[in-house]
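Chain residues, written in single-letter form:
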Amino acid sequence: MTNSVLLLSGGLDSIALAYWLRPSRCLFVNYGQLPASAERAAAGQICNSLNIPLEELTLPLENLGAGDMSGNSSSEHSPHSEFWPFRNQILITLGAMMALRYELDSVLIGTVSTDSKHKDGTVDFRDACNKLLGIQEGSVSVEAPAASMTTEQLIHESGVPVSLMGWAHSCHTSNVACGECPGCYKHSELMGSMEINR
């Protein structure tokens, strides 16, 4: 078990990290994303299965969102349909606040190598977050243990069973998989690969 809080979205990457690293606590945040109910259900099931305490926060940020997960039009500031402005910065801040509350050392995030297409999926972003947290009281750090891995590599490294990954919810637009968004494509491809290689 690591002395950390994991930002658990209920998706493939964060579930694999939860199984692999067994954080002290997990945090699920409903920030107004369309699939929040399904993501919360997945996060709850994973934490129950792994006996990890799950904290939940709700922030009414849907009117500030952009792209697939908000139901609003995409932002002119990103070429990606799933871009939600400054979301990861907010989530990391909440995770750091929780880490201090429970005297934990770090916030774990589920960034994988393909996330570098977004500015908040880069090393520069993580370094900036660590610098910002470091000049404040508490000495909480941000860690992305799978940043150099693909999701497939993370799943393999973690050893997470198919039965647990089956709870993952990856759809960006709905509480029921739409089958047409980037999250659904990723989920279908990777879960199919796990079944084949089981």
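Scope of this entry: the structure provided in the associated data block.

Criteria and cut-off values
Residues numbered from 1 in each chain as written. Predicted model: local features only at pLDDT ≥ 70, side-chain atom pairs only at ≥ 80, totals over all residues. Heavy atoms only, no water. Helix = DSSP H or I, 4+ residues; strand = E, 2+ residues; numbered from the N terminus. Rg over C-alpha atoms; globule rule 2.2 N^0.38 Å. 1 Å grid on protein atoms, 1.4 Å probe; cavity = no way out; pocket = protein on both sides within 12 Å on 5 of 7 lines; lining within 4 Å. Points joined across faces, edges and corners; volume = space filled by probe spheres on them. Nonpolar A, V, L, I, M, F, W, Y, C, P; charged D, E, K, R; others polar.

## What to know about the overall build of the protein chain
In terms of helices and strands, the protein chain carries seven helices and five strands. Its helices and strands in sequence order give the protein chain the pattern β-α-β-α-β-α-β-α-β-α-α-α, from N to C terminus. A compact globule built from 198 residues should have a C-alpha radius of gyration of about 16 Å, and the protein chain, at 16 Å, falls within 12% of that. By principal-axis analysis of the C-alpha atoms, the protein chain measures approximately 45 × 40 × 30 Å.

## Structural notes on the layout of surface pockets
Quantified by volume, the largest pocket comes out at close to 1300 Å³. Forming the boundary of the largest pocket are 47 residues, of which Glu82, Arg87, Asn88, Asp115 and His118 lie nearest the centre. Residue assignment for the lining of the largest pocket shows that the elements contributing at least two residues are helix 1 (12-21), strand 2 (23-30), helix 3 (87-101) and helix 7 (182-197). Tallying contributions element by element places helix 3 first for the lining of the largest pocket, with five residues. Partitioning the lining of the largest pocket into residue classes produces 19 nonpolar, 19 polar and nine charged.

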